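A structural walkthrough
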Amino acid sequence: MFQGVAGNFERYMSLLSARQKLVASNIANADTPGYRTQDIDFRAEFESAVDGESPATVEPKDLPAKPDGNNVNLDREARLLAENALRFSIASSFARADLSTIRTALQEGKTS
Amino acid sequence: MSLLSALSVSASGMSAQRQRTELLVENLANSDTTRTPEGGPYRRKDVVFTSDPSAAQFSSLFESEANGNSGVGVRVAEVVTDTREPEKRYVPGHPDADQEGYVAFPRVNPAEDMVDLLGASRNYAANVSAISAVKDMIQKSLDLFR
């Protein structure tokens, strides 16, 4: 019962964390020569996620590289940074609402 | 928890940009320095960044998860000193002038350093935003306990 409630949110949130971490490294390495942008294929990973396995890193296509071989686009990373944080916030609100439903059920069971 | 290591990745970016800024202001401050302990005029310094997987492993002792997608931090690989010939300016009467009256001045282009300084400061700010976004996410997961 709890697996059904929390399982999907947990997978979604841990994928978001993994992606946010890659965004953080992309931003940190925005001036590193030869560094390539890293990302995860979110949809594919979410649909095929196996518990306990960390998602595979892919290099996004169509990002123009600077002359030093670096292809970090700060605008793209800034957008992803905000998007991930918002998605995470939404997911955690839903998870919290679900958990509070269960809590209510437990409380009611106790009093009667 | 992988979000906590994202914090150390961003912190490594901040510290790398800070070191770069320190060198850039040193260049600007010394753009007219004709004497140095090594002898000769001041030489422009710059940093070379390299990505550094170890910066993300701050909490690796507590994590047993596979490192397949661990974020990579950044660090200063080396500080390079400009090896170009110093710029000769005709200033007869200057204590450091040679026989013909030419003084060797550092080859520092203030415009170049100011632009790099802007870049370093923007990148520092981007890392700070990343930290605050990640901090928000951590806070949101902590709120689930309430």
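Going by the structure above, here's the rest.
All of these numbers come straight from a predicted model, not from anything done at the bench. (Residues numbered from 1 in each chain as written. Chains lettered and ligands numbered in written order. Predicted model: local features only at pLDDT ≥ 70, side-chain atom pairs only at ≥ 80, totals over all residues.)

1. Concerning the overall build of chain A
Filter applied, for reference: Each helix is a run of DSSP H or I of at least 4 residues and each strand a run of E of at least 2, with the numbering of both proceeding from the N terminus. Residue burial is a threshold on neighbouring C-beta atoms within 10 Å of the residue's own C-beta, all placed from the backbone, with 20 or more meaning buried, 12 or fewer meaning exposed, and counts in between meaning partly exposed. Each residue gets a C-beta atom placed from its backbone, and two residues are in contact if those atoms lie within 7 Å.
Within chain A one finds three helices and zero strands. Going from N to C terminus, chain A has its helices and strands arranged as α-α-α. Relative to its 112 residues, chain A shows a buried fraction of 31%. Residue pairs in contact within chain A that sit at least 24 positions apart in sequence constitute 64% of those at least 6 positions apart.

2. Details of the packing of helix α1 (residues 2-29) of chain B against helix α2 (residues 110-143) of chain B
Angle between the axes and distance between the axes: these two values describe a pair of packed helices. Residues and elements named next belong to chain B. Formally: Axes here mean lines fitted to C-alpha atoms, for a helix over just the part in contact, with angles spanning 0 to 180 degrees between N-to-C directions. Angle categories: roughly parallel below 35 degrees, roughly antiparallel above 145, roughly perpendicular from 65 to 115, and oblique for all the rest. Put simply, a crossing is left-handed when the front helix is turned counterclockwise from the back one by less than a right angle, and right-handed when it is turned clockwise. The residue classification treats Ala, Val, Leu, Ile, Met, Phe, Trp, Tyr, Cys and Pro as nonpolar and Asp, Glu, Lys and Arg as charged. All others, Gly included, are polar.
Where α1 contacts α2, the axes come no closer than 9 Å and their chain directions differ by 160°. In terms of their interaxial angle, α1 and α2 are classed as roughly antiparallel. In the crossing of α1 with α2, the sense of the turn from one axis to the other is left-handed. The residue makeup of the contact of α1 with α2, split by class, is 16 nonpolar, seven polar and four charged.

3. Topic: unusual backbone geometry
All names here are of chain A. With a phi close to 65°, aspartate 62 is a non-glycine residue in the positive phi region. Mapped onto the fold, aspartate 62 is located in the loop between α2 (42-48) and α3 (74-111). For aspartate 62, a count of 5 C-beta atoms within 10 Å puts it in the exposed group.

4. Thoughts on the interface of chain B and chain A
The interface of chain B with chain A comprises 32 residues on the first partner and 32 residues on the second. Elements with a minimum of two residues in the side of chain B that touches chain A: α1, β1 (45-52), β2 (73-81) and α2 of chain B. At twelve residues, α2 of chain B tops the list of elements feeding residues into the side of chain B that touches chain A. Class assignment for the residues of the side of chain B that touches chain A results in 13 nonpolar, 15 polar and four charged.

5. Considerations on the environment of leucine 28 of chain B
Residue and element names in this part refer to chain B. Secondary-structure assignment places leucine 28 in helix α1. On the basis of neighbour count, leucine 28 is assigned to the partly exposed category, with 14 C-beta atoms found within 10 Å. The spacing of leucine 28 and valine 108 is 80 residues in sequence and 7.4 Å in space, taken between C-alpha atoms.

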